[in-house]
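Coordinate inspection notes
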Amino acid sequence: VSTMNAKTSYEGEEEASGTRNETLGESGYLGEAKRGQAIRVAYVIAALDLTCLFMQMGVMPYLAKSLGLDSVGFGYLQTIFGVLQLVGGYIFGRFADQFGARAALILSCASGSVFFLLMSLSTSIPILFLSRLPGVFMHGIPGAQKVITDMTTPSQRAGALGKLGLCFGVAIIAGSALGGVLSTKFGIYVPAYVGLVGSLINTLIAMVWIPSQTKPKSDHHVTENSTLFSIREILRLMKFPGVMEVFIVKVFAGLPIGLFMIMFSIISMDFFGLEAVESGYLMSYFGVLQMVVQGLVVGKLSSHYTEMTLLRLSIFVFAGVGLGMALMRTVWHYCIIAVPLVFAFSMLATITDSILTKAVPSSDTGAMLGICASVQPLTRTVGPTIGGVLYKQFGVSSFGYLQLMVNFGLFVYLLKSKIPLGEMKS
């Protein structure tokens, strides 16, 4: 009887603690104004970081070509960057858990400064390859997500994370346009100079306006294995209820469309017959859609429906998008398909990140976000090979059929399985 009473008392305390956390947020001690300011600063850092990144992405093929790098060599360059991001994502997340979100953001912005400095000095192919190395710690979005995760209550998290899509949309439009204009009018290295200045500004912003501690000291603990990279720690996180199931859905649902987007530059030329300028307009169209969906739609829906309902909805829409992609023949068809595509992609990314960060202790949210951030680099690493085979052997429609089959299977799995979704606290 005494054991049962003790258990009841403990559960009551845990429930009350959960209620207090929900009311105050994990960093409620900072005050509503300071938390709001830190979140807004995180949005600014993310937008500037992504703008600089998209600027160099548009210029990089031309810079590589001017140095005498062929298409195979450029593929190696992209693969190296993808592998570095893949390995660095989890390390960065663990660094954020152990040293705080502010230190992690400063590390990311400083690495970006070194990245653009080396890129501006790339007068030979070896230096160009060397410029990719700082990419291992360039994780501005996971850093901003860590700040937002620490500063929001569980019920606010999906909406706050969704607003990062506004930053992504602005970056696609501004970064693509700036990269083209600056390189054409002022020289191929000018975007790297601008990126260097932008990264230095971001470093200063993170040092001045992000609080040194974004969550209560009681939420910090040192795990048994305090190394920055540990397979055992990854496996430990995957054992929490629902984490493995949701992570598998996150990886496989986005894989087919990820393969398509990797091959999109070739598809836009060969299949759609677009010129470089028209491809730029299409990217801007995607940016606007991203801003509208993640800035307005995701937050509204997350406040009215459960996260599992929205996860199922995104997978169902993804399956429909696959059917549309299998049947599309012109770029106008693709523009129509892009609307549900961006919706499903944005909803899947936001909801899974929100679910996974709430399923682990608050002291492990950085590591979880780092693991989530490794999904796209993984796709970029294996994607060129798989995507190239699919496109060459079966054509564009193969991406659509793969998308349909994978997501229909995942939708049935989500309907039949009861994934335990709990909110962990330290």
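Residues numbered from 1 in each chain as written. Predicted model: local features only at pLDDT ≥ 70, side-chain atom pairs only at ≥ 80, totals over all residues. Heavy atoms only, no water.

**Topic: the side chain of Thr152**
Where we set the bar: Secondary structure elements follow DSSP: runs of H or I no shorter than four residues count as helices, runs of E no shorter than two count as strands, and numbering proceeds from the N terminus. Two N or O atoms count as a polar contact when they lie within 3.5 Å, although within protein this holds only if one can serve as hydrogen donor and the other as acceptor, and sequence-adjacent residues are included solely when both atoms are side-chain atoms.
As for its placement among the helices and strands, Thr152 is situated in the loop between helix H6 (140-151) and helix H7 (154-162). In terms of polar contacts, Thr152 uses its side chain to reach the backbone carbonyl oxygen of Ile148, at 2.7 Å.

**Quick notes on a nonpolar patch on the surface**
Going by this rule: Patch membership requires more than 30% relative accessible area and the absence of a salt bridge. Residues of like charge join within 9 Å; the nonpolar side chains Val, Leu, Ile, Met, Phe, Trp and Tyr join within 5 Å. Methods summary: accessible areas were calculated by the Shrake-Rupley approach with a probe of 1.4 Å, and residue burial reflects only the protein chains presented. Note on definitions: salt bridges are taken to be side-chain nitrogens of Lys or Arg within 4 Å of carboxyl oxygens of Asp or Glu.
Where nonpolar side chains cluster on the molecular surface, the patch consists of Leu204, Met207, Val208 and Trp209 and spans about 420 Å² of accessible area. With respect to the helices and strands, the residue Leu204 is situated in helix H9 (residues 190-209).

**Notes on the packing of aromatic side chains**
What counts here: Centre distance within 6.5 Å is the pairing criterion for rings of Phe, Tyr and Trp, where only the six-membered ring of Trp is used; planes under 30 degrees apart are then read as stacked, over 60 as edge-to-face, and the remainder as tilted. Partly exposed residues are those whose accessible area sits between 20% and 50% of the maximum for their type, while under 20% is buried and over 50% is exposed, using a 1.4 Å probe and protein chains only. The rule for a charge over a ring is simple: NZ of Lys or CZ of Arg within 6 Å of the ring centre, and within 35 degrees of the ring normal.
In the structure shown here, the tally under the stated rule is 15 aromatic pairs. Relative to Phe264, the ring of Phe260 lies with its centre 5.9 Å away and its plane at 55 degrees, an arrangement referred to as tilted. For Phe260, a relative accessible area of 0% gives the class buried. On the basis of an interplanar angle of 50 degrees and a centroid distance of 5.2 Å, the ring pair of Phe316 and Phe411 is categorised as tilted. Of this pair, Phe316 sits in helix H14 (residues 307-327) while Phe411 sits in helix H18 (residues 397-416); the two residues are 95 residues apart in sequence, bridging distant segments of the chain. Among the aromatic residues, ring-to-ring pairing joins Phe260, Phe264, Phe271, Phe272, Tyr285, Phe286, Tyr334 and Phe399 into one connected group. Taking the ring centre of Phe81 as reference, the NZ or CZ of Arg132 above it sits at 5.6 Å.

**Looking at the pattern of salt bridges**
Side chains that differ in charge, positive against negative, can pair when their charged atoms come close. Using the criterion set out here, one finds 8 salt bridges in the structure. The salt bridge involving Asp364 is made with Arg236; its shortest N-O contact spans 3.0 Å. With a gap of 128 residues between them, Asp364 in the loop between helix H15 (331-359) and helix H16 (365-373) and Arg236 in helix H10 (residues 231-238) connect regions that are remote in the sequence. A salt bridge links Lys358 to Glu307; the nearest nitrogen and oxygen atoms lie 3.0 Å apart. In this pair, Lys358 is assigned in helix H15 and Glu307 in helix H14, connecting sequence segments 51 residues apart. Taken as a pair, Lys358 and Glu307 share a single burial class, namely buried.

**Digging into H6**
Helical geometry note: an α-helix holds 3.6 residues per turn, so side chains three or four residues apart project in the same direction. Here is the rule we go by: By definition here, a helix of n residues has an expected span of 1.5 Å times n minus one.
With 12 residues, H6 extends 17 Å from end C-alpha to end C-alpha; this agrees with the ideal 16 Å at 1.5 Å per step. Burial analysis of H6 places 11 of its 12 residues in the buried class, the great majority of the element. Looking only at H6, the buried set comprises Gly140, Pro142, Gly143, Ala144, Gln145, Lys146, Val147, Ile148, Thr149, Asp150 and Met151.

**Structural notes on the environment of Ala103**
Along the chain, Ala103 falls in helix H4 (residues 101-120). Look at Ala103 and you get partly exposed, because its relative accessible area is 27%.

**What about the nonpolar core?**
The test is simple: Buried Ala, Val, Leu, Ile, Met, Phe, Trp, Tyr and Cys residues that are joined via side-chain atoms within 4.5 Å together make up what is termed a nonpolar core. The criterion used for residue contact is that any of the two residues' heavy atoms lie within 4.5 Å.
Of all hydrophobic cores here, the largest spans 62 residues; its most connected members are Phe260 and Tyr334. In contact with Phe260, not counting residues within four places along its chain, are Ile267, Met325, Met328, Tyr334, Val396 and Phe399. Counting residues in hydrophobic clusters, the runner-up holds 22 residues, among them Ala38, Ala42, Leu105 and Ala160.

**A closer look at the packing of H6 against H16**
Using the following cut-off: A fitted line through C-alpha atoms serves as each axis, taken over the contacting stretch for helices, and the angle formed by two N-to-C directions is quoted from 0 to 180°. For any helix crossing, the convention is left-handed if the near helix is rotated counterclockwise from the far helix by under a right angle, and right-handed if that rotation is clockwise. Gly falls in the polar group here, along with every residue not listed as nonpolar (Ala, Val, Leu, Ile, Met, Phe, Trp, Tyr, Cys, Pro) or charged (Asp, Glu, Lys, Arg).
Contact pair H6 / H16: the axes reach a minimum separation of 10 Å and the direction vectors enclose 145 degrees. Of the two possible hands of crossing, H6 and H16 adopt the one that is right-handed. On the side of H6, the interface is formed by Pro142, Gln145, Lys146, Thr149 and Asp150, while H16 contributes Thr365, Gly366, Leu369 and Ala373. Across the contact of H6 with H16, the residue classes break down as 3 nonpolar, 4 polar and 2 charged.

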